[in-house]
Amino acid sequence: MGSSRTTVSRRPTARRTVLAALGAAGTALLASGSTWARAAAQMLEALPGKRALRRLTHRPPNYETPLEYFRSVLTPNEAFFVRYHHAVIPQIEAAEFRLEVVGAALERPLTLTLAQLRAEFPPVELVAVCQCSGNRRGLFEPPVPGLQWGHGAMGNARWRGVRLADVLARAGLRSGAVEIAFDAADAAPLEGAPDYIKSLPLGKALHPDTLLAYEMNGAPLPELNGHPLRLVVPGWTATYWIKHVTRIEVLNTPASGFWMAGAYRMPRAAFPLLERFPSQESGERAPVTEIAVNSLITGSEILPGGRMRVRGIAWDAGHGIDRVDVSADGGRSWQRAELGDDLGRYSFRPWLFEWAPVAAGAQEVWSRASNRAGQTQVEQPIANPSGYQHNAFHRHRIEVKS
Ligand SMILES: Nc1nc2c(c(=O)[nH]1)N[C@H]1C(S)=C(S)[C@@H](COP(=O)(O)O)O[C@H]1N2
Ligand SMILES: [Mo]
């Protein structure tokens, strides 16, 4: 903790760490013995401001959303997953927050307060899925190293903030810029561990849907989801969605830090991504960019007369969900599910499907989403060393009573 405090105090806006609070939550659970035993057995634990989520690691905090929360299209803030690379997490007072915008290709480098961001730029709202590149990594066979996420390293929220493009325009973006890099107020507890810095290609950074968001589902961002400001990059995996963003740097050459050059890359040939990141595509591995088309079955019920109903969600990078097909016979035949409300192209899209099962006993239902760009989920996930972009059909077990 001693060295962690030193690290944090470099940054004027970072005052306390959340770690102390996390410790307190652990103690509270320990005190009530049976609650703790149950929570530990299910690996469920409630962080400050959060409901019980599935714990992968406590330090840094990595917690996934239990599947039942995906029965609502918007994921509640208190149940939204938490992912951190580093254990020192700042708690930033909104009034003290400052965002720096710097770089050689700027006419007027800026420092902005949160109040200025709220008052001086047009607010924009959109619904978008925030999904970790490694969501479902724990389902890869054979296993791959890394956090063993199940289905819950994702969430869907209504984000409100300002356009990154508007902020860059205020700073006067000149020609010569190649990428925009983002740094955050969190830090590694050990000196020397690489700072979490990510960059975006200019085109994605200037896209009108790329936001600096200060609200999530109508409330200020939760502490553990980036308070008071985070980058929202609709359509792209959450590795780019920098939380507690404090510094934006316009780069004239590609970013070369560990988290760009060394991590979040996939064999280029393995996965056909439509949206690319050309300035980072050296060698055989290309950066993970857009979210792969995917679906999840969130529940099933028996209807009067013995019919079955399954419900689920489907999502992609914003090309738009075209259809969801369901198979109740191991993929031999597929039928189209009924799509529900459309909250926008980056959102979860709910769907449901009803049928009369032909046999009794345990069986599997599979879901397969396709998008308007002609992409479809795959039967087996595409193997890659870091276990990114798992988008195999979702298989859900049901029991049909005779
Ligand atoms: N500052 C900061 N931002 C970050 C990260 C981080 O470690 N630090 N992790 C990224 C990754 S890999 C993911 S999956 C998302 C998780 O967002 P959430 O914790 O709000 O669910 O945050 C991204 N932004
Ligand atoms: Mo992630």
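Calculation criteria
- Residues numbered from 1 in each chain as written.
- Chains lettered and ligands numbered in written order.
- Predicted model: local features only at pLDDT ≥ 70, side-chain atom pairs only at ≥ 80, totals over all residues.
- Heavy atoms only, no water.
- Core = buried A, V, L, I, M, F, W, Y, C linked by side-chain atoms within 4.5 Å.
- Buried < 20%, exposed > 50% of the residue type's maximum accessible area, 1.4 Å probe, protein only.
- Helix = DSSP H or I, 4+ residues; strand = E, 2+ residues; numbered from the N terminus.
- Contact = heavy atoms within 4.5 Å.
- Pairing = 2+ DSSP bridges.
- Near = heavy atom within 4 Å.
- Polar contact = N/O pair within 3.5 Å; in protein donor to acceptor, adjacent residues only side chain to side chain.
- Nonpolar A, V, L, I, M, F, W, Y, C, P; charged D, E, K, R; others polar.
- Domains from an automatic or database assignment.
- Arc of directions from axis to C-beta.
- Phe/Tyr/Trp six-rings, centres within 6.5 Å; stacked < 30°, edge-to-face > 60°.
- Lys NZ or Arg CZ within 6 Å of the ring centre and 35° of its normal.
- pLDDT = per-residue confidence, 0-100.

The next point concerns the nonpolar core. Core analysis: the largest hydrophobic core is formed by 69 residues, its most contacted members being Leu117, Trp159, Leu212 and Ile248. The element best represented in this core is strand E13 (residues 211–216), accounting for five residues. If we ignore the near neighbours within four places in the chain, the residues touching Leu212 are Leu99, Gly161, Val162, Leu164, Val167, Leu229, Arg230, Leu231, Val245 and Ile248.

Moving on to the pairing of strand E12 (residues 197–201). A large share of E12 lies buried, amounting to four of its five residues. As paired elements, strand E11 (residues 179–184) and E12 share five bridges and run antiparallel to each other. Residue pairing for E12: Asp183 is matched across the bridge by Ile197.

Okay, the site of ligand 1 next. Residues in close proximity to ligand 1 total 19 residues, the closest being Phe81, His85, Asp186, Arg230 and Lys243. Within the side chain of Asn225, one N or O atom sits 2.8 Å away from an oxygen atom of ligand 1. Here the shell around ligand 1 is built from residues that sort into 12 nonpolar, three polar and four charged. A domain split of the shell around ligand 1 shows at least three residues from each of domain 1 (3–84) and domain 2 (94–133 + 153–287).

Before going further, it helps to spend a moment on helix H5 (residues 164–171). Every buried residue of H5 is listed here: Leu164, Ala165, Val167, Leu168 and Ala171. Buried residues of H5, viewed axially, fall in a sector of 160 degrees; they line one side. Of the residues trailing H5, Gly172 is marked for its positive phi of about 75 degrees.

Tracing the chain through its elements places Leu339 in strand E23 (residues 338–339). Leu339 sits in the partly exposed class, given a relative accessible area of 26%. If we ignore the near neighbours within four places in the chain, the residues touching Leu339 are Ile321, Asp322, Val324, Arg349, Pro350 and Trp351.

In the structure shown here, the tally under the stated rule is 16 aromatic pairs. Measuring from ring centre to ring centre gives 5.4 Å for Tyr264 and Tyr388, while their planes differ by 15 degrees; the resulting arrangement is stacked. Of this pair, Tyr264 sits in the loop between helix H7 (258–262) and strand E17 (265–267) while Tyr388 is found in the loop between strand E25 (361–371) and strand E26 (394–400), placing the two residues 124 residues apart along the sequence. Exposure remark for Tyr264: the relative accessible area of 7% places this residue in the buried category. We classify Tyr388 as buried; its relative accessible area is 6%. Here Trp315 and Phe348 contribute two aromatic rings whose centre-to-centre distance is 5.1 Å and whose plane-to-plane angle is 65 degrees, an arrangement assigned as edge-to-face. With Trp315 in strand E20 (residues 308–315) and Phe348 in the loop between E23 and strand E24 (349–355), this residue pair connects regions lying 33 residues apart in the sequence. The residues Trp315 and Phe348 share a single accessibility class, namely buried. Through successive ring pairs, a cluster of aromatic residues spans Phe80, Phe81, Trp149, Trp159 and Trp241. The ring centre of Tyr84 lies 3.5 Å from the NZ or CZ of Lys243, which sits over that ring. Positioned above the aromatic ring of Trp334 is the side chain of Arg368, whose terminal nitrogen or guanidinium carbon lies 4.1 Å from the ring centre.

Here we take up unusual backbone geometry. Following Arg59, the chain continues into Pro60 via a peptide bond in cis, with omega recorded as -10 degrees. Of note, Pro60 is situated in the loop between strand E3 (52–57) and strand E4 (62–64). Here the bond from Glu141 into Pro142 is cis, since omega is -5 degrees, no more than 30 degrees from zero. Inspection of the secondary structure assignment puts Pro142 in the loop between strand E9 (124–131) and strand E10 (154–163). Non-glycine residue Tyr264 carries a positive phi angle of around 60 degrees. Despite not being glycine, Gln389 shows a phi value in the positive range, around 55 degrees. Along the chain, Gln389 falls in the loop between E25 and E26. Of the residues examined, Gln389 reaches a relative accessible area of 3% and is grouped as buried.

A residue-level look at the protein finds 90% of positions with pLDDT of 70 or above and a mean pLDDT of 88. With pLDDT under 50 throughout, residues 1–41 is counted as low confidence; its partners more than four residues away or in other chains account for 52 contacts.

To continue, consider the sheet that holds strand E21 (residues 321–327). Taken together, four strands build an open sheet; the order of strands is E22-E21-E25-E26 and the sheet is antiparallel. Sheet topology places strand E22 (335–336) and E26 at the edges, where each strand pairs with a single neighbour. Where E25 and E26 come together, seven bridges link them in antiparallel fashion. By the bridge assignment, Trp366 is partnered in E26 with Arg395.

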